[in-house]
Amino acid sequence: MNKILFSADPEISYVFHMLSAAKCGYDNAYGAKYRGRYDPADLKCISDQALHLTVRGGEHCGDWYGPMVCGPAQSGLSAKDYYAETIAWIEAGKLELPGDALDAIVRVCRVMIRYDDDYMEQIWPAERERVTGYMDAVRTLFEDSGFTEQAEAAVGVSLPPPWFTAVLVPSIEGGAEAIDITDTQDVFGISRSAEAEKAFISHEFIIYLLKIALKDEGAFQSPENWLLTEGLAEYYLQKIDSQARTFQSCQQQAETYRQLETTCGTDAAKLYRAAKHKRPQG
């Protein structure tokens, strides 16, 4: 049974649409296509807060990324209602941050509220067709491959319900992807081939399995362990499909795990501990 679900969520897509239009973490043809619809001052309001609003895997996570980017996905509200509620919380004094930070958050929220209806009415219908067509092709590859069963067997753990959802958005080419926006949802773009997308999503599904297999190892508690966990995911991915490659930066680490297999077997925790011990210190 395929445990990778797919979603084309308009609220999540809207948030990343605006980040792309504002060149906030993303600078691509999609953003250029829509940038002219917006007041440059409004886009600058967002891009000025890039340090707070963006992430880079293993390097940086903006302190507003959770509440301002992931928040709409977690809230159950529409994006504009979520940002309106955020403003209400600030005005009620329920968020403890310096005044200048609160003012900046309010300005960003007001921009996000201002363009929500236009996106939903004028942009999302066409973009939804692009996303869903691509999504159907990728979903078919997973359903025909038996990948999730193979991945669970390789890692030695089973992902419980509600499993894993790949949220596909059309706006994030060239920037951060495979971003956790909830405990069970990651955001992916749609710019690569369906086969390459399958490999990318497969890698992230294995990461979710490793969160279980390495739960006692502190593997996901520090950015300094990023390469160790990504390399281990790549190692398992290539055991299932020897031709699969996702992140070039972790291929050397995947090879280290293949070498350690002769003494550690394929047990995730043993491999991880051995690789961590082998890693140069300081």
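Here we summarise the structure given alongside this text.

Procedures and definitions
- Residues numbered from 1 in each chain as written.
- Predicted model: local features only at pLDDT ≥ 70, side-chain atom pairs only at ≥ 80, totals over all residues.
- Heavy atoms only, no water.
- 1 Å grid on protein atoms, 1.4 Å probe; cavity = no way out; pocket = protein on both sides within 12 Å on 5 of 7 lines; lining within 4 Å.
- Points joined across faces, edges and corners; volume = space filled by probe spheres on them.
- Helix = DSSP H or I, 4+ residues; strand = E, 2+ residues; numbered from the N terminus.
- Nonpolar A, V, L, I, M, F, W, Y, C, P; charged D, E, K, R; others polar.
- Expected span 1.5 Å × (residues − 1).
- Buried < 20%, exposed > 50% of the residue type's maximum accessible area, 1.4 Å probe, protein only.
- Arc of directions from axis to C-beta.
- Phe/Tyr/Trp six-rings, centres within 6.5 Å; stacked < 30°, edge-to-face > 60°.
- Lys NZ or Arg CZ within 6 Å of the ring centre and 35° of its normal.
- Salt bridge = Lys/Arg side-chain N within 4 Å of Asp/Glu carboxyl O.
- Lys, Arg positive; Asp, Glu negative; His and termini not counted.
- Contact = heavy atoms within 4.5 Å.
- Core = buried A, V, L, I, M, F, W, Y, C linked by side-chain atoms within 4.5 Å.

1. A closer look at the layout of surface pockets
Next, step 1: By volume, the second largest pocket amounts to about 200 Å³.
Next, step 2: Those elements giving two or more residues to the lining of the second largest pocket turn out to be helix 5 (65–75) and helix 6 (79–91).
Next, step 3: Among the elements that make up the lining of the second largest pocket, the one with the highest residue count is helix 6 (four residues).
Next, step 4: For the lining of the second largest pocket, the per-class residue count stands at eight nonpolar, one polar and one charged.

2. Points about helix 6
Next, step 1: When the terminal C-alpha atoms of helix 6 are compared, their 19 Å separation across 13 residues agrees well with the 18 Å that a helix rising 1.5 Å per residue should span.
Next, step 2: Buried residues of helix 6: Ala-79, Tyr-82, Tyr-83, Thr-86, Ile-87 and Ile-90, and no others. When helix 6 is viewed along its axis, its buried side chains cluster within an angular range of 140 degrees and face the same direction.
Next, step 3: Just past helix 6, the residue Gly-93 takes up positive phi, approximately 75 degrees.

3. Focus on the packing of aromatic side chains
Next, step 1: Using the criterion set out here, one finds 15 aromatic pairs in the structure.
Next, step 2: The interplanar angle of 55 degrees and the centroid separation of 5.0 Å between the aromatic rings of Tyr-30 and Tyr-34 together place this pair among those described as tilted. Separated by four residues within a single helix, Tyr-30 and Tyr-34 lie in helix 2 (residues 29–35), roughly one turn from each other.
Next, step 3: The interplanar angle of 85 degrees and the centroid separation of 5.5 Å between the aromatic rings of Phe-188 and Phe-200 together place this pair among those described as edge-to-face. With a gap of twelve residues between them, Phe-188 in strand 6 (residues 185–188) and Phe-200 in helix 10 (residues 194–213) connect regions that are remote in the sequence.
Next, step 4: For Phe-188, a relative accessible area of 0% puts it in the buried group.
Next, step 5: Between Lys-198 and the ring centre of Phe-142, over which it is positioned, the NZ or CZ distance is 5.3 Å.
Next, step 6: Cation over ring: Lys-211 sits above Phe-220, and NZ or CZ is 6.0 Å from the ring centre.

4. So, the pattern of salt bridges
Next, step 1: On inspection of all chains with the given rule, the structure shows 15 salt bridges.
Next, step 2: Notably, a salt bridge pairs Glu-127 with Lys-33, separated by 3.9 Å at the nearest N-O pair. One end of the pair, Glu-127, is in helix 8 (residues 116–145); the other, Lys-33, is in helix 2, with 94 residues separating them in the sequence.
Next, step 3: Residue classification places Glu-127 among the buried positions, given a relative accessible area of 2%.

5. A few points about the side chain of Asp-116
Next, step 1: Looking at the element boundaries, Asp-116 is found in helix 8.
Next, step 2: Nearest to the buried, unbridged Asp-116 among oppositely charged side chains is Lys-80, at 4.6 Å.
Next, step 3: Among residues more than four places away in sequence, those in contact with Asp-116 are Glu-11, Tyr-14, Ala-79 and Lys-80.

6. Details of the nonpolar core
Generally speaking, a soluble globular protein has its nonpolar side chains buried in company with each other.
Next, step 1: One finds Phe-16, Met-18 and Ile-46 to be the most contacted residues of the largest nonpolar core, which totals 48 residues.
Next, step 2: Counting residues per element, the ones that place at least two in this core are helix 1 (10–21), helix 2, helix 3 (40–47), helix 5, helix 6, helix 7 (99–114) and helix 8.
Next, step 3: Top contributing element to this core by residue count: helix 7, with nine residues.
Next, step 4: What Phe-16 contacts, discounting residues up to four positions off in sequence, is Tyr-26, Tyr-65, Val-69, Val-169, Ser-171, Ile-172, Ile-179 and Val-187.
Next, step 5: Of all hydrophobic cores here, the second largest spans 47 residues; its members include Leu-214, Leu-232, Ala-244 and Leu-271.

7. Details of unusual backbone geometry
Next, step 1: With an omega dihedral of 5 degrees, the bond running from Pro-161 to Pro-162 counts as a cis peptide bond.
Next, step 2: Structurally, Pro-162 is set in the loop between helix 9 (147–155) and strand 4 (164–168).
Next, step 3: A positive phi is found at Lys-23, a non-glycine position, where the angle reads about 55 degrees.
Next, step 4: By the secondary structure assignment, Lys-23 is in the loop between helix 1 and helix 2.
Next, step 5: Since its relative accessible area comes to 46%, Lys-23 is described here as partly exposed.
Next, step 6: For Ala-178, which is not glycine, the phi torsion reads 55 degrees and is therefore positive.
Next, step 7: Inspection of the secondary structure assignment puts Ala-178 in the loop between strand 4 and strand 5 (179–180).
Next, step 8: Residue Ala-178 is classed as buried on the basis of its relative accessible area of 14%.

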